[in-house]
Amino acid sequence: MPSTEAALGELQDRATLWSVGEIPAGDVVDAACDALVAGLDSPGLRVLAACTRAEAGYAVHDLLPTALDELAVVFHPVAGEAREEAAVRALARRMLSGQLTPWELTFRLHQRYGHELPLAERLVELDDEYAVIEGDDAAAALVTAAVMEEAHRIAGRPGVATGSADAPS
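What follows deals with helix α8 (residues 137-154). Here α8 spans 26 Å end to end across 18 residues, near enough to the 26 Å set by a 1.5 Å rise per residue. Listing the buried residues of α8 in full gives A139, V143, V147, E150, A151 and I154. Angular distribution of buried residues about the axis of α8 spans 110°; they occupy a single face of the element. Opposite its buried face, α8 presents the exposed residues D137, A138, L142, E149 and H152, each directed more than 90 degrees away.

Structure below.
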């Protein structure tokens, strides 16, 4: 069973990834269920976790902000640099946990943001490097190591309140 902190982080990441269209709403509901199992609780979280897959597509939009607010989690539902940076961090954490390969991370970021988002710029540059090293395993290993290093650097988790009496423990 994941810790409450890990479950809260995963819920925040999935909320962010859903808000930018990376994952379906059902994945957010799954994270809400996992958060309940891990020991987090709030009325909004319970309602969100109770959504069926059929309901998720339209219900998550309305239920998620309340659930996250009750858990003292920052959520950036409106397009903007803060939301985009949160998505980059969430994708970096997914890659570090083995859910994406280093190349998939750089490719997705390059496709979604091009060279326009400063936080993702180094990873996008590394995607450019992947494109020119065809068949050179040693060069690919160096690029992959650089991707891993950059992902570790940007994968910090800002936005989860700490020290508040209302914050989950």
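Despite not being glycine, A72 shows a phi value in the positive range, around 60°. Inspection of the secondary structure puts A72 in the loop between α4 (53-70) and α5 (81-96).

This brings us to the side chain of R14. In this structure, R14 sits in helix α1 (residues 4-19). Reaching out from R14, the side chain makes a polar contact with the side chain of E10 at a distance of 2.8 Å. In contact with R14, not counting residues within four places along its chain, are I23, D27, V28, D30, A31 and R94.

Let's shift gears to the packing of aromatic side chains. Taken as a whole and assessed by the stated rule, the structure comprises one aromatic pair. Taking the centre distance of 4.9 Å and the plane angle of 20° together, the rings of W103 and F107 count as stacked. Here the residue W103 and the residue F107 both occupy positions in helix α6 (residues 102-113), the gap between them amounting to four residues, near one helical turn. Classification of W103 as partly exposed rests on a relative accessible area of 40%. Accessibility expressed as a relative area gives 35% for F107, which makes it partly exposed.

Now for the side chain of E84. As for its placement among the helices and strands, E84 is situated in helix α5. Setting aside anything within four residues of it in sequence, one finds E84 in contact with V20, A79, Y113 and L117.

Let us now look at the pattern of salt bridges. One pass over the full model with this rule turns up 11 salt bridges. With a closest N to O distance of 3.1 Å, R112 and E22 form a salt bridge. In this pair, R112 is assigned in helix α6 and E22 in the loop between α1 and α2 (25-38), connecting sequence segments 90 residues apart. Among the ionic pairs, E129 bridges to R122, the shortest N-O distance being 3.7 Å. Within the structure, one salt-bridge network assembled from shared partners comprises E10, R14 and R94.

Before going further, it helps to examine the environment of D127. Among the secondary structure elements, D127 is positioned in helix α7 (residues 121-132). Sequence separation between D127 and V147 is 20 residues; the distance between their C-alpha atoms is 8.9 Å. Sequence-distant contacts of D127, defined by excluding residues within four places in its chain, comprise W103, T106, F107 and H110. Within polar-contact distance, the side chain of D127 engages the side chain of T106 at 3.2 Å.

Criteria and cut-off values
Residues numbered from 1 in each chain as written. Predicted model: local features only at pLDDT ≥ 70, side-chain atom pairs only at ≥ 80, totals over all residues. Heavy atoms only, no water. Helix = DSSP H or I, 4+ residues; strand = E, 2+ residues; numbered from the N terminus. Expected span 1.5 Å × (residues − 1). Buried < 20%, exposed > 50% of the residue type's maximum accessible area, 1.4 Å probe, protein only. Arc of directions from axis to C-beta. Polar contact = N/O pair within 3.5 Å; in protein donor to acceptor, adjacent residues only side chain to side chain. Contact = heavy atoms within 4.5 Å. Phe/Tyr/Trp six-rings, centres within 6.5 Å; stacked < 30°, edge-to-face > 60°. Salt bridge = Lys/Arg side-chain N within 4 Å of Asp/Glu carboxyl O.

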